[in-house]
Amino acid sequence: MESNGGHLQKMIALLAKELRIGQIANYGDIVKAELSFEENLFELLKSMAASREEISLARRIKIGNLLPNKNFDTFEFDPKTLPHVSLKILEELRSCEFVTKKMDIILIGPPGRGKTHLANALGIEATKKRHKVRFVVADKMLTAMMEAQNDRELAKITESLIKPDLLIVDEVGYFTYSPSKSNMLFRVIRDRNENASTIVTTNYEFTRWKEFMSEQGLTLAMVDRLVFLSTVLDMSGPGPSYRLRMGQKRLRMREELADDE
Ligand code: ADP
Ligand code: MG
């Protein structure tokens, strides 16, 4: 026959599931005989709150179109490969004060330098701090705006780009933009300027932005707004890109393994 304790455990798990507080079913890992009832209850409630926050954060990260694994824990900072970046500035940005201050960040550098990774990581930090964040790839954003079937649809897309506390526009300038797309990009930057934060990643220095924007006047107006209240992070550096370095490391590891055989 089953012990009374076993039966109770099952009932607790069942009720916890029904009440959608599944973590309670693991109470055995949390409650301790030597603690008072209140202490145990407090620990249980804390663990429930933490688990809820984790679920909620994962949901908000997904809604923001952010990748959960491109975060600060997985971002390795090596001053040798990113000589123009410092730990101090990374910590400062990580605090997300720039979002509260409605400031912009421009990450400039050649491919594979961790621009997207860092932008995404900052997006996650801002999400943790309850800011509304949205990550978009520049060309996809502009194409979606161009393909809007009518003014109402365009207004809806535009609003979704203007509203977030932080908009991350990845890969600006990877394509040459038509006059209409250049215009759309300018409008997004203009409408967010001084109202909310924007992070832009690009492989073009500002002096070369006219190469992908169709109109000189627009380019100047846009760069002017972007540099007004912003941090520009130069992510160029010596040596190969992160991808290449990891590839070489893997190759060396494989060779070493082969040597051992
Ligand atoms: P970029 O946007 O500058 O082209 P990415 O951010 O896409 O570069 O980086 C390319 C790949 O290398 C990604 O998988 C990214 O996670 C990884 N990566 C780049 N820099 C770092 C870094 N400092 N620490 C950890 N991973 C990195
Ligand atoms: Mg990138």
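To be clear, the structure that these remarks concern was listed above.
Bear in mind that the values here come from a model prediction, so they are computed numbers and not experimental data.

K.L.:
Help me understand the pattern of salt bridges, please; the structure alone is not making it clear to me.
P.N.:
Oppositely charged side chains can form a pair if their charged atoms are brought close together. Taken as a whole and assessed by the stated rule, the structure comprises 9 salt bridges. With a closest N to O distance of 3.3 Å, glutamate 125 and lysine 128 form a salt bridge. In this pair, glutamate 125 and lysine 128 both sit in helix α6 (residues 115–128), 3 residues apart, roughly one turn of the helix. When its relative accessible area of 41% is taken as the criterion, lysine 128 is described as partly exposed.

K.L.:
Just checking my understanding: could you explain the site of ligand 1 for this structure?
P.N.:
As a structural note, the neighbourhood of ligand 1 is formed by 14 residues, with Lys70, Glu76, Gly112, Thr116 and His117 the closest of them. Contact between ligand 1 and arginine 113: an oxygen atom at 3.0 Å from a main-chain N or O atom of the residue. The backbone of glycine 114 places a nitrogen or oxygen atom 3.1 Å from an oxygen atom of ligand 1. When isolated, ligand 1 has an accessible area of 550 Å², and the protein chains bury 86% of it. If you list the elements that add at least two residues to the shell around ligand 1, you get α6 and α11 (242–260). Among the elements that make up the shell around ligand 1, the one with the highest residue count is α6 (3 residues). When the residues that make up the shell around ligand 1 are grouped by side-chain class, the tally is 4 nonpolar, 5 polar and 5 charged.

K.L.:
How should α6 be read in this particular structure?
P.N.:
Along an α-helix, a turn takes 3.6 residues, which lines up residues three or four apart on a common side. Over its 14 residues, α6 runs 20 Å from end to end, which matches the ideal 20 Å to within 8%, given 1.5 Å per residue. Of all 14 residues in α6, 12 are buried, a share of seventy percent or more. Of all the positions in α6, only Lys115, His117, Leu118, Ala119, Asn120, Ala121, Leu122, Gly123, Ile124, Glu125, Ala126 and Thr127 are classed as buried. One or two steps after α6, the chain reaches arginine 130, where phi turns positive at roughly 70°.

Rules and cut-offs
Residues numbered from 1 in each chain as written. Chains lettered and ligands numbered in written order. Predicted model: local features only at pLDDT ≥ 70, side-chain atom pairs only at ≥ 80, totals over all residues. Heavy atoms only, no water. Salt bridge = Lys/Arg side-chain N within 4 Å of Asp/Glu carboxyl O. Helix = DSSP H or I, 4+ residues; strand = E, 2+ residues; numbered from the N terminus. Buried < 20%, exposed > 50% of the residue type's maximum accessible area, 1.4 Å probe, protein only. Near = heavy atom within 4 Å. Polar contact = N/O pair within 3.5 Å; in protein donor to acceptor, adjacent residues only side chain to side chain. Areas by Shrake-Rupley, 256 points an atom, 1.4 Å probe, with all protein chains shown as cover. Nonpolar A, V, L, I, M, F, W, Y, C, P; charged D, E, K, R; others polar. Expected span 1.5 Å × (residues − 1).

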